[in-house]
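# Fold and contact review
Each chain is listed here by its residues.
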Amino acid sequence: MKHIFTFITKIALKALQSNIHHILLFGFLSFFCLQFGYAQDIKAKTKPIPLIKSKKSLLKKDSLLLNKAIDTVKKDTIIKPKSSFESKITHNAVDYIKQNAKKKQIELYNQAHVTYDDIDLKAGYILIDNKKNTLFAKGIKDSLGYQQRPVFKQDGQESEQDSILYNFKTKKAIIYGMKSNQSGMITYSERTKRVNDSVIFLGNMRFTTSDKPNPDYYIQTRRAKLVPGKKIIVGLSNLVIADVPTPIAIPFAYFPMTDTRASGFIIPTWGEANNQGYFLQNGGYYLALNDYLDISLMGDVYTNGSWGLRTESSYVVRYKYSGNFSLRFENLIRSVKGFDDYSKSTNFNLRWSHTQDSKSNPNARFSASVNLGSSKYFRESLNEVNSPDRLTNTLSSSVSYYKKFIGTPFNLNATATHSQNTNTQKITMTLPSLQVNMDRIYPFAGIGGAKKNAVQKIGFNYSMKGDYRINTVDSLFFKPEMFKTAKAGIQHTASANTNMKFLKYFTLTPSANYKEIWNFDYINKRYDPLSPNSDTDLGLGAAVNDTIRGFKSFREYNIGLSLGTNVYGNFSLNKGKIKLRHTIRPSISYGYRPDFANKYYKQVQQSADPTDMLTYSPFENGIYGRPSSGLSNSITFSLNNVLEAKVASKDSTEVEDKKITILNNLNFNTSYNIAADSLRWSLVSMTAGTRFFKDKLSLNFGATFDPYQVNSDGKRINKFNKKLLRLTNANLSANISLSSKDFEKKDKDKNTSNQSNQNQFGDTSKSNTNDKKSEVKETKLYKASIPWTINLAYTVNFTDNGYNTSQIGSNTLMFNGNLELSPKWKVRYSSGYDFKNKGFSYTRLGFTRDLDSWNFNFDWSPFGNNKSYYFRIGVNSSMLSDLKWDKRSLPDRLLF
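Here is what the cut-offs are and how they apply
- Residues numbered from 1 in each chain as written.
- Predicted model: local features only at pLDDT ≥ 70, side-chain atom pairs only at ≥ 80, totals over all residues.
- Heavy atoms only, no water.
- Helix = DSSP H or I, 4+ residues; strand = E, 2+ residues; numbered from the N terminus.
- Contact = heavy atoms within 4.5 Å.
- Areas by Shrake-Rupley, 256 points an atom, 1.4 Å probe, with all protein chains shown as cover.
- Phe/Tyr/Trp six-rings, centres within 6.5 Å; stacked < 30°, edge-to-face > 60°.
- Buried < 20%, exposed > 50% of the residue type's maximum accessible area, 1.4 Å probe, protein only.
- Lys NZ or Arg CZ within 6 Å of the ring centre and 35° of its normal.
- Salt bridge = Lys/Arg side-chain N within 4 Å of Asp/Glu carboxyl O.
- 1 Å grid on protein atoms, 1.4 Å probe; cavity = no way out; pocket = protein on both sides within 12 Å on 5 of 7 lines; lining within 4 Å.
- Points joined across faces, edges and corners; volume = space filled by probe spheres on them.
- Nonpolar A, V, L, I, M, F, W, Y, C, P; charged D, E, K, R; others polar.
- Core = buried A, V, L, I, M, F, W, Y, C linked by side-chain atoms within 4.5 Å.
- pLDDT = per-residue confidence, 0-100.
- Patch = residues over 30% accessible without salt bridge, like charges linked within 9 Å, V, L, I, M, F, W, Y side chains within 5 Å.
- Polar contact = N/O pair within 3.5 Å; in protein donor to acceptor, adjacent residues only side chain to side chain.
- Pairing = 2+ DSSP bridges.
- Lys, Arg positive; Asp, Glu negative; His and termini not counted.
- Charge placed at Lys NZ, Arg CZ, Asp CG, Glu CD.

With that settled, consider the overall build of the protein. Assigned secondary structure in the protein consists of 9 helices and 53 strands. Counting only contacts in the protein whose residues sit at least 6 apart along the sequence, the fraction spanning at least 24 positions is 48%. For the protein, the exposed area adds up to about 56400 Å²; of that, 57% sits on carbon and sulfur atoms.

In total, this model carries 30 aromatic pairs according to the counting rule given. Between tyrosine 833 and phenylalanine 835, the aromatic rings sit 5.1 Å apart at their centres with planes inclined by 75°, giving edge-to-face as the arrangement. Judged by relative accessible area, which is 24%, tyrosine 833 ranks as partly exposed. Using a relative accessible area of 38% as the deciding quantity, one classes phenylalanine 835 as partly exposed. Through a chain of ring-to-ring contacts, the aromatic side chains of Tyr794, Tyr833, Phe835, Phe840 and Phe863 assemble into a single cluster. It is lysine 138 that lies over the ring of tyrosine 125; its NZ or CZ is 5.4 Å from the centre.

Below, the discussion takes up the pattern of salt bridges. Considering all chains together, one arrives at 22 salt bridges under this definition. A salt bridge links glutamate 160 to arginine 149; the nearest nitrogen and oxygen atoms lie 3.0 Å apart. Placement of the pair is glutamate 160 in strand β9 (residues 157–160) and arginine 149 in the loop between β7 (145–147) and β8 (151–154), with a sequence separation of 11 residues. Among the salt bridges present, the one from aspartate 706 reaches arginine 726, with a minimum N-O distance of 3.0 Å. With a gap of 20 residues between them, aspartate 706 in strand β42 (residues 697–706) and arginine 726 in strand β45 (residues 726–739) connect regions that are remote in the sequence. Both residues of the pair, aspartate 706 and arginine 726, belong to the buried class. Members of the salt-bridge network, linked through shared partners, are Lys212, Asp216, Lys824 and Asp852.

This paragraph deals with unusual backbone geometry. With an omega dihedral of -5°, the bond running from leucine 431 to proline 432 counts as a cis peptide bond. Relative to the assigned elements, proline 432 resides in strand β29 (residues 426–441). The phi dihedral of aspartate 243 is positive, around 65°, even though this residue is not glycine. Structurally, the position occupied by aspartate 243 is in the loop between β16 (237–241) and β17 (244–250). Judged by its relative accessible area of 41%, aspartate 243 is partly exposed.

A few words now on empty space enclosed by the protein. Evaluated as defined, the whole model comprises 4 cavities of 30 Å³ or more. Taken as a whole, the largest cavity spans an internal volume of roughly 60 Å³. Around the largest cavity, the lining is made up of 13 residues, and of these Asp300, Leu309, Arg310, Glu330 and Asn383 lie nearest the centre. At the level of secondary structure, the elements contributing two or more residues to the lining of the largest cavity comprise β22 (293–302), β23 (307–317) and β24 (321–334). By residue class, the composition of the lining of the largest cavity is 5 nonpolar, 4 polar and 4 charged.

Let us look at the nonpolar core. Within the largest apolar cluster, 38 residues are counted, with the highest numbers of intra-cluster contacts made by Ile126, Leu135, Ile232, Val234 and Phe255. Residues Ile517, Phe596, Phe619 and Ile623 belong to the second largest nonpolar core, which totals 9 residues.

With that out of the way, let us pick up the layout of surface pockets. Taken as a whole, the largest pocket holds about 1300 Å³ of empty space. Ile267, Met879, Leu880, Ser881 and Asp882 are the residues nearest the centre of the largest pocket, which is lined by 38 residues in total. When residues of the lining of the largest pocket are traced back to their parent elements, those giving at least two are β16, β17, β18 (253–256), β19 (264–266), β52 (868–875) and β53 (884–889). The residue makeup of the lining of the largest pocket, split by class, is 25 nonpolar, 8 polar and 5 charged.

Okay, the environment of glutamine 182 next. By secondary structure assignment, the location of glutamine 182 is in strand β11 (residues 173–182). Once the C-alpha coordinates of glutamine 182 and methionine 257 are considered, the two residues, 75 residues apart in sequence, prove to be 6.8 Å apart. Among residues more than four places away in sequence, those in contact with glutamine 182 are Gln157, Leu226, Pro228, Gly229, Met257 and Met879.

Keep in mind that low pLDDT regions are not for reading the predicted coordinates in detail. Scored by pLDDT, the protein has a mean of 81; 84% of the residues are at 70 or more. Per-residue pLDDT stays below 50 along residues 28–76; that stretch engages in 33 contacts with residues further than four places along the chain or on separate chains. Below a pLDDT of 50 lies the segment residues 747–780, which in the model reaches 8 contacts outside its immediate sequence neighbourhood of four places, other chains included.

Now for a nonpolar patch on the surface. A cluster of nonpolar side chains, contributed by Ile559, Leu561, Tyr590, Tyr592, Leu631 and Ile674, occupies part of the molecular surface with about 480 Å² of accessible area. Counting residues per element, the ones that place at least two in the nonpolar patch are β34 (540–564) and β36 (578–593). Tracing the backbone shows leucine 631 in the loop between β38 (613–616) and β39 (632–647).

Let us now look at the side chain of glutamate 556. The residue glutamate 556 is located in strand β34 in this model. Within polar-contact distance, the side chain of glutamate 556 engages the backbone nitrogen of serine 628 at 3.1 Å. Apart from residues lying up to four places away in sequence, glutamate 556 is in contact with Asn513, Tyr514, Lys515, Phe596, Pro627 and Ser628.

Attention now moves to the pairing of β52. Most of β52 sits inside the fold, with 6 of its 8 residues counted as buried. Two elements, strand β51 (residues 854–861) and β52, share 8 bridges in a ladder whose sense is antiparallel. Across the sheet, the residue bridging to asparagine 855 is glycine 874, located in β52. Hairpin connection between β51 and β52: a loop of 6 residues separates the two successive antiparallel strands, and glycine 864 in this loop has a positive phi of roughly 100°. Across 6 bridges, β52 lies against β53 in antiparallel orientation.

Right, let's get into a positive patch on the surface. Where like charges cluster on the molecular surface, the positive patch consists of Lys579, Arg581, Arg585, Lys646 and Lys659. Broken down by element, the positive patch gets its largest block of residues, 3 residues, from β36. The topology assignment puts arginine 585 in strand β36. Arginine 585 gets classed as partly exposed once you look at its relative accessible area, which sits at 35%.

Attention now goes to the environment of tyrosine 188. You can see tyrosine 188 is positioned in strand β12 (residues 185–194). Along the primary structure tyrosine 188 and threonine 208 are separated by 20 residues, whereas in three dimensions their C-alpha atoms are 8.6 Å apart. For tyrosine 188, the residues in contact, after removing those within four places along its chain, are Met178, Lys179, Asn204, Met205, Arg206, Thr208, Ser210 and Lys212.

Attention now moves to the side chain of serine 397. Relative to the helices and strands, serine 397 resides in strand β27 (residues 394–404). Take serine 397: its relative accessible area is 9%, and that puts it in the buried class. Within the structure, the side chain of serine 397 is placed 2.8 Å from the backbone nitrogen of asparagine 371, a separation counted as a polar contact. Not counting residues up to four positions away in its chain, the partners in contact with serine 397 are Ser369, Val370, Asn371, Leu372, Ala416, Thr417 and His418.

Here we take up the environment of leucine 813. Checked against the element boundaries, leucine 813 lands in strand β47 (residues 806–820). When its relative accessible area of 24% is taken as the criterion, leucine 813 is described as partly exposed. For leucine 813 and tyrosine 794, which are 19 residues apart along the polypeptide, the C-alpha to C-alpha distance reads 4.5 Å. Once residues within four sequence positions are removed from consideration, leucine 813 is found in contact with Ala793, Tyr794, Gly832, Tyr833 and Phe835.

If you want it as structure tokens, here you go:
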């Protein structure tokens, strides 16, 4: 052992003379020898060497050694490699995690999961290669087949594939058998190359909106480019339905897939009409201007020269307002130019709806609901979208602004209205109507607003209304002539009332009302001897009107006093199980109004006879009417009835009784004019209403009775009927809504059924078996339910003039509803029958078939002037809504 250490010492001494790094080796050997007791031998056989007394003394002997030492101290020539992983990788697996330090690889097996930065990957098998900076994932095979396919998530995008190879450094990937969902568009590709986060190239791709494992349809293409969340650009593509290729192909296609709105073309529908020939409808362009506004420009074109334009726009500003706008125009040509039945017409329709968010300004509101245009637009329109409005008889519009003045009882309401009858083509407009209202004030109220007596309860109201009213016809609409007959006026109304208790059970309410009318034009009648008189046989000579522009006003007032109370009657039936409550509200009111005829009425000669005088008012053509004529000193009687019931529940655990309304209302009303010299009693009116079958059926009845007889001319005479009252008018309306759910029996409590099936040991195996059997039975076709709904509306009206005519004015039954023949088959219907004229009203039938990712729809009007049909089969998804086939027939315009 001693010789061995001597040999090691010699080698160490020789090494010291060659390189400074060997000093460390010598020190290590010296330390080793000292530990084994041979330090003295080393000291005896070696000369003393100054060991690192100073750097200079050690390095002076060798210039090469000196240079190496300085380089070593100043700079490290070994550069550490940078890691390709910018974030921490976390991984786990169920079966095993195997690490290979030599190859720098990690293997994960069974439910492997890896997360890195924004990447989340799950698969059956994952291999992480730190040397190549790659990640490989695939599924695993077992007895059930290929399971745990890789699922790759990044930036909210998710894809499923057979296998994937991903490079952490370049962010590129090669994917085989990829399936992804891009905003509802499901794509399948055999081989996919991921260039970066925003560009993916796909080969042998199929894309569809069907989420079935075997999709109902798909579009197949060999090459495609996908920008996730934005678009798909494909080359030559072919439509495949139920794995059967179709002859439908396109050379290229662009599919936007943004979650927000995007501009694009709107594919038109095509069809054929007997009068207009072939046509294209509803084709155009959709323009998404920004997040708040969009515009759709669409048009129709027909081979006979007819055409139409339609502009639609919607806008929204969150928490402020929203609305939509529509302008439609049609230029229609019928027959051939030169024929007798040739005609040409232009119609338009304007719609605007605006709604203000209630939170934006609680003290000011602006709203609009506009629907105006040509009276014949919906009736003559050839576009299918207007079919539901073909029976529209009135068009109405309203644009209003409301302002509440804080700290005052006043508020302002400015309104522009429009009313149009499409049958008579008469139009009435107010541009504008300005109204200022004062809320009720109590000037004599006590401290803190207390109102304890009649004086403190005196309240005042005031209202001012100004109108600029236009009456015109459809042919003059939006033309200067429509303003020639316009009228303007202002109406002031003020009222005061109070109430007090009278004889403990009655409420006495006195009131006073004042009205003042300002007109800016009035009439002046004069006798014209050359004007034809249609009311006499004299031929010439009649009173004519002269309209005078200028300010003129009138005033009138009235006072009233009413007395009312409530009477309650309670009854019990069936030993108190049924409690009836009858509420009676009788009231008597007195009203007085003086005769203003002497002040505001004039007389003029109306025929060649100088004694034939006509009494008229200069205000009779005013927008607020003329002053009241004749003294009114009348008493009004009214009686209101309500009948309710409470039925005790059969279940003793329920505390409250069931409330039922037997009679919603039964009202009677008439009046007696003390000042009249004859016919003092007015007509007696009666109204009644009730509901049955849990409010499913509602009945409303109204009638008018006359206490006086009529003469041979049908005029009332001051002679009472032999019977107390004579029926002059009656009407009945009934509405009922039924559905299959109303007749379904309640299911029995399953828990009770299970408990009854348990044996004495608590075994529920039999009951579980029965439950499974019952579940299977519920799916059998012969016990399948067919949901349905039906709405019925019946109206009938009866009139009797008391002389020789009594007839039924109208007698109609309207009905609509739907029927689900199966979970995927639905039928819609809407029609009506006129029992008086013995004919059906506008009838529409609709058939819908849910084909999962497709939808079949057929609308049909089988008879009448609007006989037509519309057929469509297309994809449900809005992304591929243009993938459809539809055909429509326009209604034939009958001459007779």
